[in-house]
Structure formats: C-alpha cells, structure tokens
Amino acid sequence: MSKHITSAISQNFGKFANKEFPKWFQKIVNSSYVGLMGLDMSEFHAPSTYRSLNALFTRKLREDRKYSLDAEAFISPCDSLISECGTLQEDYALQIKGMRYSSDELLGESFSSDEKKIIHDGEFVNFYLSPKDYHRYHIPTNLKVLRAVHIPGKLYPVNFPSLRKRLNLFIENERVVLLCENASGKKFYMVLVGALNVGVMQVAFEPKIKTNADAQTSTVYEYKDLYLNKGDDFGCFEMGSTIVILAQKGMLELEDLVGKDVKYGETIAKNV
C-alpha cells in the first residue's frame, strides 16, 4: 500500500520541525511561530531556549499544575477545546454537531464485540488540541492500562473545517487506542487521534509504538500490571490533534462543556 499524501506531507514537515538550525535562525523560527499562533508561554521556558520547532511543540510545563486529588475528580488530560461531548446512542458518538460516527469502528478490529459494547450508551468527550496548545497529555484519573492498540491510517487535519466536511474523519486517521480501567473497576477508552503535520504521537510507557511510520497493520500491546496515576505525563502530540474519551455507561457525570476551553488538571467530570 502506497503512503497516503497526508502522511508524506507530515513526514516532510516533521523533518523541518525536528531540524536544529543555528541559534540565531532557530530563535527567529520559534518566535515567529509563537507570535503567529498566539502561544501563551507564561508557564514555559522562553521560546529561544528550544533547539527545534518540535521541541517547542512538545514543551513541558516548568512546574506541574495543581489539580484535585479527590478520587471522584476526573480531570482534563490536556489543554484543548471540547468540540463535542455527551452520551453515546448505542455505539454512536458525535464527531461534531450533526455528524456522528461509530465507536465500534473507531476502536478498530483488535477489540472483541463485548469489549466494544462496554461503552455503548456511555459518555464521550472530544478534546481538540490546536497548534497553539500545550501538546502533552496526562492521565485523567488513577487507572490501569489493559491494552494499547496502534492503528495506522491517514493524517487529515482535525480542525473544524475538516470535521465538518469529512465524515468518519477520526476513523480514517491514524490512532492509538488505550483500554483502561479506573479505580472502581469501570472501563473506558482513551483514543489519541493523529493529524496533519508531523503526525507523531508519543506514548511514554510503550516506546515500540511508532506513528506516521511505515506500519500497515494494527499492533496490539497487552499489559498486566501497568498502573498510572492521575496527572502522570504519558506522552505528547507533535503538532495539534484530538483525544477522544469513551467511558462505560454510568462511569462519568459530565459537565456541559461543548465549545469550552479546558486546561490539563481542570476537573471536567465526576467518577461515579
């Protein structure tokens, strides 16, 4: 299978983003990006300190944010805009208002029908990270990771114009699906969705996952005792993208967040 044009574009842009230019030129590149995209750098090091554009994309906080340690508090895993959230209708969630997709198809073929049915009629949240956002993602609640699945695919943009015109965009794009279990034993999925430009999703606990590479088939990683704590940094997008959370029915009491900007660490739901 030939490489899709979106992957080729992303790999070429990735070469530019990862290149370390002379300091004087890198300073211009970084400051231009910050100004053009409107990055808020108040929680980060100065733009000139990052040795490549990708280092700026994947920047870490100087100090971790404070968040509720209450077991009931389910926090946002990232800085983003909530493009949609609500209740699945059987296995259908909203990509954007008026456009729905099948969660069964989103999860791919590496989960059984019973595993997919766990989240039917449950809750979903779509987190859209724009190029200006902090690109790292964190664990939203104390959990156990049961499985990670890397599903190769295309790398269409995931911004609002693309969401409105391309049905099943999340399903067509490359993604990493994590099956998780919270402290109460309820299951949920976190789906990292790739996007145009660089198109890399880092997963700290599974360095074997290589996105926007040459994989043509899904790869499954199973875990027995992989426990992660709320707030743990478990990776980043290299450029903006989307995270989808699909939760077992009755697991989350969601606030009305559609169209709202949220920050990593902000409580967005209650673990039931």
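Look up a bit, the structure's there.
A. The arrangement of the pairing of strand 2 (residues 80-87) in detail. Of all eight residues in strand 2, six are buried, a share of seventy percent or more. In this sheet, strand 5 (residues 123-129) lies alongside strand 2 in antiparallel orientation, the contact comprising six bridges. Among the inter-strand pairings, Cys 85 is bridged to a residue of strand 5, identified as Val 125.

B. Structural view of the side chain of Arg 175. Tracing the chain through its elements places Arg 175 in strand 8 (residues 175-182). Buried Arg 175, no salt bridge; nearest opposite-charge side chain is Glu 105, N-O distance 7.6 Å. At 3.3 Å, the side chain of Arg 175 and the backbone oxygen of Glu 105 are in polar contact.

C. Structural detail: the environment of Ile 171. Structurally, the position occupied by Ile 171 is in helix 7 (residues 169-172). In this structure the C-alpha to C-alpha distance between Ile 171 and Glu 105, which are 66 residues apart in sequence, comes to 6.6 Å.

D. Fine view of the sheet that holds strand 10 (residues 200-203). Strand order across the open sheet formed by three strands is 6-12-10, with antiparallel pairing between neighbours. In this open sheet, the two strands that pair with only one neighbour each are strand 6 (136-138) and strand 10. Strand after strand, the sheet turns through a mean of 20° between neighbouring axes, direction not considered. Judged from the three bridges that link them, strand 6 and strand 12 (residues 233-238) form a sheet pairing that is antiparallel. Bridged to His 138 within strand 12 is Asp 233.

E. Structural view of the nonpolar core. Core analysis: the biggest nonpolar cluster contains 37 residues, and Phe 127, Phe 188, Met 190, Leu 192, Phe 205 and Ile 243 have the highest contact counts within it. When residues of this core are assigned to their parent elements, the largest contribution, four residues, is made by strand 11 (residues 219-228). The next biggest cluster of nonpolar side chains, apart from the first, holds 26 residues, and it includes Val 177, Tyr 189, Val 191 and Val 193.

F. View of the pattern of salt bridges. In this structure the tally under the stated criterion is ten salt bridges. With its nearest N and O atoms 2.7 Å apart, the salt bridge here joins Arg 65 to Asp 79. One end of the pair, Arg 65, is in the loop between helix 3 (53-57) and strand 1 (73-75); the other, Asp 79, is in the loop between strand 1 and strand 2, with 14 residues separating them in the sequence. On the accessibility criterion, Arg 65 (13% relative accessible area) is buried. For Asp 79, a relative accessible area of 3% translates into the label buried. One salt bridge in this structure joins Arg 136 and Asp 233, with 2.6 Å as the shortest N-O distance. You can see Arg 136 sitting in strand 6 and its partner Asp 233 sitting in strand 12, a full 97 residues away along the chain. Three or more residues are tied together by salt bridges with common partners; here these are Glu 43, Arg 65, Asp 79 and Lys 263.

Analysis parameters
- Residues numbered from 1 in each chain as written.
- Predicted model: local features only at pLDDT ≥ 70, side-chain atom pairs only at ≥ 80, totals over all residues.
- Heavy atoms only, no water.
- Buried < 20%, exposed > 50% of the residue type's maximum accessible area, 1.4 Å probe, protein only.
- Helix = DSSP H or I, 4+ residues; strand = E, 2+ residues; numbered from the N terminus.
- Pairing = 2+ DSSP bridges.
- Lys, Arg positive; Asp, Glu negative; His and termini not counted.
- Salt bridge = Lys/Arg side-chain N within 4 Å of Asp/Glu carboxyl O.
- Polar contact = N/O pair within 3.5 Å; in protein donor to acceptor, adjacent residues only side chain to side chain.
- Axes fitted to C-alpha atoms, helices over the stretch in contact; angles between N-to-C directions.
- Core = buried A, V, L, I, M, F, W, Y, C linked by side-chain atoms within 4.5 Å.

Geometric descriptors of this kind do not, in isolation, establish any biological role.
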